[in-house]
Amino acid sequence: MTIHINTITPNHVITVSDRLLSTPTGHIELGDDRYKHLILICDDARVVTSFAGIAGIISSRKGVLIVEHETLDWLTEVFQETSKKAHGIDNHLNDLRDKVQPHIDMLRKKLNLPSDSPKIKLAIQISGWVGDVQFHCVIDNYLDNYSRTGPTRPYFKTRYKLYEGRMFEDGSKIIIIGQEFISENKDHLFEGLFEVSRRENPKEIFETSVKIIRTAAVNSNGYVGFNCSGVRISRSDHGIQVFDDRDQSVWDVVMPNTTYSTSQISLSTKNMRGRKL
């Protein structure tokens with residue numbers, strides 16, 4: 001499984017996750033040159049998409065473990081197909097919602113699993129800006145209305161919420177997927193996250209989120225990873241910022257998969273990376 005901490009402030013959306021991939025046969029660290037995040041830029045929205053749950057199927061090629069039918073690649077392909085015909089966030093979310101159950105059914109049949117198997121849980125999180133309003137959407141087959149883990153359903157639910165100005169009276173909104181791995185005695189960490197969110201410092205929000213994830217990883221029996229990445233999308237910045245905190249080497253230039261779906265341009269970039277000369 002994995003932990004996602006999504007912090008929404010009046011001016012920023014920062015989503016942070018560990019880099020462990022969950023598969024039906026075990027867990028594997030996300031490749032050094034990859035992200036668990038996908039950027040979608042369309043006519044009316046700028047969002048970051050991430051996922052928890054099944055990331056694909058592990059297989060071996062020449063003694064090297066690889067992940068086939070990767071969830072990240074599938075998400076990129078779905079957005080890319082929609083971008084050929086429409087350029088609004090609702091179009092992309094509707095297509096994603098319609099295609100996710102057939103995708104899970106395909107994986108389930110390949111693995112010969114029942115429809116309620118915990119091995120085919122999947123939650124897709126889409127967060128960012130629709131115009132100048134923050135929003136958060138989850139499409140999943142196992143979470144309740146509070147993003148708590150439950151049994152696998154044979155169908156997906158979609159939850160969509162806009163966050164307008166008056167909703168930030170307490171400073172921020174924090175949504176956590178994978179909260180079952182976080183002990184109740186870690187309240188001080190969340191108090192710290194709320195505090196830095198009030199200062200609207202994205203780097204501090206990322207670093208505090210990493211502390212929470214790593215604290216959970218210690219007693220997760222390998223279900224939560226220690227290496228973390230995150231993405232920031234902000235009100236006044238039409239670009240994105242990527243954060244990393246990991247032990248292993250990192251490529252000098254790494255970019256999350258990105259789909260542009262606008263009236264002016266429609267394209268996807270995948271697996272962008274490079275090293276300084």
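Everything here concerns the structure above.
It should be emphasised that the depicted structure is a prediction, and the values quoted were computed from it without experimental measurement.

J.: Could you clarify how one ought to interpret the sheet that holds strand β11 (residues 157-163) in this entry?
T.: Paired through their backbone hydrogen bonds, the strands of a sheet run either parallel or antiparallel. One open sheet holds the 7 strands; their spatial order is β11-β10-β9-β6-β5-β16-β17, and the pairing between them is mixed. Each edge of the sheet is formed by a strand with only one pairing partner; in this case those strands are β11 and β17 (266-269). Direction aside, neighbouring strands of the sheet carry axes that sit 15° apart on average. Direction of pairing for strand β5 (residues 37-42) relative to strand β16 (residues 257-261): parallel, over a ladder of 5 bridges. Pairing of Ile39 across the sheet is with Thr258, part of β16. On the sheet, helix α1 (residues 71-83) packs against β5, β6 (45-53), β9 (122-130), β16 and β17 and is oriented at approximately 10° with respect to β16.

J.: How should the environment of Asp140 be read in this particular structure?
T.: Following the sequence through the fold, Asp140 ends up in strand β10 (residues 133-140). Sequence separation between Asp140 and Ile14 is 126 residues; the distance between their C-alpha atoms is 20 Å. Those residues within four positions of Asp140 in sequence are excluded, and the remaining contacts are Leu122, Ala123, Arg153, Tyr155, Phe156, Lys157 and Arg159. A distance of 2.7 Å separates a polar side-chain atom of Asp140 from the backbone nitrogen of Leu143. A distance of 2.4 Å separates polar atoms of two side chains, one belonging to Asp140 and the other to Arg159.

J.: Before we go on, may I ask you to explain the environment of Asn91 in this structure?
T.: Within the fold, Asn91 resides in helix α2 (residues 89-111). For Asn91 and Phe79, which are 12 residues apart along the polypeptide, the C-alpha to C-alpha distance reads 9.5 Å. With residues up to four places along the chain from it excluded, the contact list for Asn91 reads Thr82 and Ala86.

J.: Would you mind going over the packing of aromatic side chains with me for this structure?
T.: Aromatic ring pairs are defined here through the distance separating the ring centres and the angle between the ring planes. For the structure shown, the criterion picks out 3 aromatic pairs. Arranged with centres 5.1 Å apart and planes meeting at 35°, the rings of Phe135 and Tyr160 form a pair that is tilted. In this pair, Phe135 sits in strand β10 while Tyr160 sits in strand β11, placing the two residues 25 residues apart along the sequence. Accessibility expressed as a relative area gives 36% for Tyr160, which makes it partly exposed. It is Arg19 that lies over the ring of Tyr35; its NZ or CZ is 5.7 Å from the centre. One Lys or Arg, Arg246, reaches over the ring of Tyr35 and ends 5.7 Å from the middle of that ring.

Parameters and conventions
- Residues numbered from 1 in each chain as written.
- Predicted model: local features only at pLDDT ≥ 70, side-chain atom pairs only at ≥ 80, totals over all residues.
- Heavy atoms only, no water.
- Pairing = 2+ DSSP bridges.
- Helix = DSSP H or I, 4+ residues; strand = E, 2+ residues; numbered from the N terminus.
- Axes fitted to C-alpha atoms, helices over the stretch in contact; angles between N-to-C directions.
- Contact = heavy atoms within 4.5 Å.
- Polar contact = N/O pair within 3.5 Å; in protein donor to acceptor, adjacent residues only side chain to side chain.
- Phe/Tyr/Trp six-rings, centres within 6.5 Å; stacked < 30°, edge-to-face > 60°.
- Buried < 20%, exposed > 50% of the residue type's maximum accessible area, 1.4 Å probe, protein only.
- Lys NZ or Arg CZ within 6 Å of the ring centre and 35° of its normal.

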